[in-house]
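In case you want the letters, here they are:
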Amino acid sequence: MADRLAGEGLALQFGPFNLRIRSNLGSFASLAHQLYEPYPLPEPAAISDFHVDISAPRGLRRWLRRQACFGIDGQLPFAPYTIEHAFPALEWGINWCVATRAHHLLLLHSAAVERNGRAIVFPASPGDGKSTLCTALIHSGWRLLSDEFGIVRPEDGMLLPIPRLIPLKNQSIEVIRKFRPEAIIGPSFLETRKGTVAHVRPPVESIRRAQEPARPRWLVFPRWVAGAPFTLEAMPKSQAFLSVATNAFNYEVLDEIAFRLVTEMVRSCDAYSLVYSDLDDAVNALDKLSQASDG
């Protein structure tokens, strides 16, 4: 794999996007194989949406400091990272590519999971616990659509899966290790720009079903608060609309299309605010929520 990464690159399909990844870092290949191995390859004639690389800088800088640079289409949008943080740098860079270049889709800053064709969308700000909750759910019978993006297709309002690696941060890493020891979690990267980070590989079933869209059914706005009692309360539609719209990466870019899509989503979904400190409480409550709607 190291030769392929350094040469033609590794082509992967993440939901609606095809990527080609290149790297000249020998230490990168084994981790890429471990965490990316279940992802499908694009069709031979498929065009890559993004050509990205994570590589050592050229010239004298390559020898003076051990660094890694994220690049897309020959451009370097970020300052160099330490070489030890090459893998999280690549993952963050791919997120940036989607958020800044996929304006044919509405991109919500949210996690999303699915069961029986219906999805929970979790719009949230960093630190609200959506990644931890999302990881717990996909190891408890739900399918991962995405941890970072609620991707809404303008034609019909369906959510498109992009089941990429889930970056857990700081104490969340050990929380998930204890909650679901079977979860496949990569190494912990210490002292990154976002603290300690480790990546969870989604269950293979989520990756295999990455071309199956889902209908939004619930909007749940999560917030983890240490020691807080569990609450799941209905939210007014007006408040839900504002919260979804402000959590969109490209709401202003899509303008009237975004307004229509968010309006339709809020009208068709039940909306709740969720405060939790215990994962079992949260998972059980969301299971019951979906089961009650089945009845």
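For the structure given in this document, a descriptive report is provided here. (Residues numbered from 1 in each chain as written. Predicted model: local features only at pLDDT ≥ 70, side-chain atom pairs only at ≥ 80, totals over all residues. Heavy atoms only, no water.)

Concerning the packing of helix α2 (residues 26–36) against helix α4 (residues 86–101)
Step number 1: Across the interface, α2 lies against α4 with an axial gap of 11 Å and an inter-helix angle of 55 degrees. Here α2 is positioned oblique relative to α4, judged by the angle of their axes. Facing F28, L31, A32, L35 and Y36 of α2, the residues of α4 in contact are F87, L90, E91 and I94. (Axes fitted to C-alpha atoms, helices over the stretch in contact; angles between N-to-C directions. Helix = DSSP H or I, 4+ residues; strand = E, 2+ residues; numbered from the N terminus. Parallel < 35°, antiparallel > 145°, perpendicular 65-115°, else oblique. Contact = heavy atoms within 4.5 Å.)

Some points on the sheet that holds strand β2 (residues 17–22)
Step number 1: Read across the sheet, 5 strands follow the order β1-β2-β3-β4-β5 without closing on themselves; strand pairing throughout is mixed. The sheet is open, and its two edges are formed by β1 (10–14) and β5 (81–82), each paired on a single side.
Step number 2: Sheet topology note: the β2/strand β3 (residues 50–55) ladder contains 4 bridges and is parallel. Note that in β3 the partner of L19 across the bridge is F50.
Step number 3: Packing of α4 onto the sheet brings it into contact with β2, β3, β4 (67–72) and β5, and relative to β4 it is tilted by some 20 degrees. (Pairing = 2+ DSSP bridges.)

Some thoughts on unusual backbone geometry
Step number 1: One non-glycine residue, D73, lies in the positive phi region at around 50 degrees.
Step number 2: Here D73 shows up in the loop between β4 and β5.
Step number 3: The backbone of N116 sits at a positive phi, close to 55 degrees, despite the residue not being glycine.
Step number 4: Mapped onto the elements of the fold, N116 is located in the loop between β6 (106–115) and β7 (118–123).
Step number 5: With a relative accessible area of 60%, N116 lands in the exposed category. (Buried < 20%, exposed > 50% of the residue type's maximum accessible area, 1.4 Å probe, protein only.)

Some details on α4
Note: α-helices contain 3.6 residues per turn, so residues at a spacing of three or four share the same orientation.
Step number 1: Between its terminal C-alpha atoms α4 stretches 22 Å, which fits the 22 Å expected from 16 residues at 1.5 Å a residue.
Step number 2: With 13 of 16 residues buried, α4 lies mostly within the body of the structure. (Expected span 1.5 Å × (residues − 1).)

Things to note about the pattern of salt bridges
Step number 1: Inspection of every chain in the model, using the stated rule, returns 14 salt bridges.
Step number 2: R209 is the salt-bridge partner of E212, the closest N and O atoms lying 3.0 Å from each other.
Step number 3: Taken together, the shared-partner salt bridges in this structure form one network comprising E114, R143, R209 and E212. (Salt bridge = Lys/Arg side-chain N within 4 Å of Asp/Glu carboxyl O.)

Things to note about the nonpolar core
Step number 1: Counting residues in hydrophobic clusters, the biggest one holds 44 residues, and the most contacted among them are F17, Y36, I54 and L90.
Step number 2: Among the elements that take part in this core, α4 stands out by supplying 9 residues, more than any other.
Step number 3: Residues contacting F17, with those up to four places away along its chain left out, are L12, D49, F50, V98, A102, H104, L105, I151 and I162. (Core = buried A, V, L, I, M, F, W, Y, C linked by side-chain atoms within 4.5 Å.)

Re the packing of aromatic side chains
Two numbers describe a pair of aromatic rings. These are the distance of the centres and the angle of the planes.
Step number 1: For the coordinates displayed, the defined rule picks out 12 aromatic pairs.
Step number 2: Consider the rings of Y36 and Y39, whose centres lie 6.4 Å apart with planes at 80 degrees: the pair is edge-to-face. Here the two residues Y36 and Y39 agree in accessibility, since each one is buried.
Step number 3: Looking at R180, its charged tip hangs above the ring of F179, at a distance of 4.2 Å from the centre.
Step number 4: In this structure, R193 packs its charged tip against the face of Y81, placed 3.7 Å from the ring centre. (Phe/Tyr/Trp six-rings, centres within 6.5 Å; stacked < 30°, edge-to-face > 60°. Lys NZ or Arg CZ within 6 Å of the ring centre and 35° of its normal.)

Thoughts on the side chain of S146
Step number 1: You can see S146 is positioned in strand β8 (residues 143–146).
Step number 2: Residue classification places S146 among the buried residues on the basis of a relative accessible area of 2%.
Step number 3: A polar contact of 3.1 Å, which involves the side chain of S146, links it to the backbone nitrogen of E148.
Step number 4: Looking at S146, its side chain comes within polar contact range of the main-chain nitrogen of F149, at 2.8 Å.
Step number 5: Residue contacts for S146: discarding those within four places in its chain leaves S110, A111, A112, C134 and I162. (Polar contact = N/O pair within 3.5 Å; in protein donor to acceptor, adjacent residues only side chain to side chain.)

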